[in-house]
Amino acid sequence: MKKLALFLMLLCFATQASAGLVPKFKFGVKAGMDYQANDFKSAINSFDIKSSTGWFAGAMVDLSWGKLGVHPEVIYSRNSFGVEGVDSRLKISQVEVPVLLKYSLFNIVDVQVGPRFCIMDEASGSAENVKWNWNSPTIGYAIGLETTIWKIAISARYNGAFKESEVMGFTTGTTKTNNLQIGVGFYF
């Protein structure tokens, strides 16, 4: 009886695998450039935070069922901004968790879209009687493209905020933050 149950279980699994119901699983790492394109002005004080280029690194998982799939990641990103109008630097490091749905076009390029959850590890700076220290989590969106050649993935992604007033976890009025990430990854 046990052998019959085991045989039927293996037969069901083989049928599901051949029908594409069991996802293809890939795990990898990635790193790259994180360009923050911010127009971040304060109405209270005379300072302006300009765009800057930083870096990111993290892990990625790819679950695919034919042309459709899910692509979650855990990414650590680091950036530092100059503050115009005052002599200061704003340092930002955060953990990003994008959970992206993907659709494969012509089995060459994957289009990825989905929510992005951010938790600040460090977001601080100070200048002339102004101190920044923001550690609130934020929710945004991500849309991008990824292509994989052998086990090497090349990706480009745009990340943005859902709310205009929510920038890095604090209220700013009508300012948004967004960034472009260009990276290279390796699937094991």
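For the structure itself, look to the data block above.
We now turn to the structure provided with this report. (Residues numbered from 1 in each chain as written. Predicted model: local features only at pLDDT ≥ 70, side-chain atom pairs only at ≥ 80, totals over all residues. Heavy atoms only, no water.)

With respect to the layout of surface pockets
Phase 1: Taken as a whole, the largest pocket encloses approximately 280 Å³ of empty space.
Phase 2: Residue lining of the largest pocket: 15 residues in total, with Lys24, Lys26, Lys102, Ser104 and Asp110 positioned closest to the centre.
Phase 3: Elements that contribute at least two residues to the lining of the largest pocket include exactly strand S1 (24–36), strand S4 (52–65), strand S6 (88–105) and strand S9 (138–149).
Phase 4: Examining the composition of the lining of the largest pocket, we find that three residues originate from one element, S9, more than from any other.
Phase 5: Here the lining of the largest pocket is composed, by residue class, of two nonpolar, six polar and seven charged. (1 Å grid on protein atoms, 1.4 Å probe; cavity = no way out; pocket = protein on both sides within 12 Å on 5 of 7 lines; lining within 4 Å. Points joined across faces, edges and corners; volume = space filled by probe spheres on them. Helix = DSSP H or I, 4+ residues; strand = E, 2+ residues; numbered from the N terminus. Nonpolar A, V, L, I, M, F, W, Y, C, P; charged D, E, K, R; others polar.)

As for unusual backbone geometry
Phase 1: The backbone of asparagine 107 sits at a positive phi, close to 55°, despite the residue not being glycine.
Phase 2: In this structure, asparagine 107 sits in the loop between S6 and strand S7 (109–127).
Phase 3: You will see that tryptophan 150, though not glycine, has its phi angle at about 60°, which is positive.
Phase 4: Looking at the element boundaries, tryptophan 150 is found in the loop between S9 and strand S10 (152–161).
Phase 5: The class for tryptophan 150 is exposed, based on a relative accessible area of 68%. (Buried < 20%, exposed > 50% of the residue type's maximum accessible area, 1.4 Å probe, protein only.)

Focus: the side chain of glutamate 73
Phase 1: Mapped onto the elements, glutamate 73 comes out in strand S5 (residues 68–84).
Phase 2: The exposure class assigned to glutamate 73 is buried, which follows from its relative accessible area of 2%.
Phase 3: Of note is the side chain of glutamate 73, whose polar atom sits 3.0 Å from the side chain of arginine 157.
Phase 4: In this structure glutamate 73 touches Lys30, Ala59, Met60, Glu96, Val97, Pro98 and Arg157, once residues within four positions along its chain are discounted. (Polar contact = N/O pair within 3.5 Å; in protein donor to acceptor, adjacent residues only side chain to side chain. Contact = heavy atoms within 4.5 Å.)

Overview of the packing of aromatic side chains
Phase 1: Counting across every chain of the model gives five aromatic pairs.
Phase 2: Ring geometry for phenylalanine 27 versus phenylalanine 188: centroids 6.0 Å apart, planes at 25°, classification stacked. One end of the pair, phenylalanine 27, is in strand S1; the other, phenylalanine 188, is in the segment after strand S13 (178–187), with 161 residues separating them in the sequence.
Phase 3: Under the relative-accessibility criterion, phenylalanine 188 is labelled exposed at 58%.
Phase 4: Aromatic pair tryptophan 55 and tyrosine 76: ring centres 5.8 Å apart, planes at 50°, arrangement tilted. Of this pair, tryptophan 55 sits in strand S4 while tyrosine 76 is found in strand S5, placing the two residues 21 residues apart along the sequence.
Phase 5: The class for tryptophan 55 is partly exposed, based on a relative accessible area of 42%.
Phase 6: For tyrosine 76, a relative accessible area of 29% corresponds to the partly exposed category.
Phase 7: In textbook terms, an aromatic cluster arises when at least three aromatic residues are bridged by ring pairs, as seen for Phe27, Trp150, Phe186 and Phe188. (Phe/Tyr/Trp six-rings, centres within 6.5 Å; stacked < 30°, edge-to-face > 60°.)

Looking at the pattern of salt bridges
Working definition: two side chains of opposite charge can pair if their charged atoms are close together.
Phase 1: A complete count under the given rule lists five salt bridges for this structure.
Phase 2: The residue glutamate 73 makes a salt bridge to lysine 30 at a minimum N-O spacing of 3.1 Å. Residue glutamate 73 is found in strand S5, and its partner lysine 30 is found in strand S1; the two are separated by 43 residues along the sequence. You'll find glutamate 73 and lysine 30 in the same group, each marked buried.
Phase 3: Among the salt bridges present, the one from arginine 157 reaches glutamate 73, with a minimum N-O distance of 3.0 Å. You can see arginine 157 sitting in strand S10 and its partner glutamate 73 sitting in strand S5, a full 84 residues away along the chain. With respect to class, arginine 157 is no different from glutamate 73; both count as buried.
Phase 4: What you see here is one network of salt bridges that share partners, running through Lys30, Glu73 and Arg157. (Salt bridge = Lys/Arg side-chain N within 4 Å of Asp/Glu carboxyl O.)

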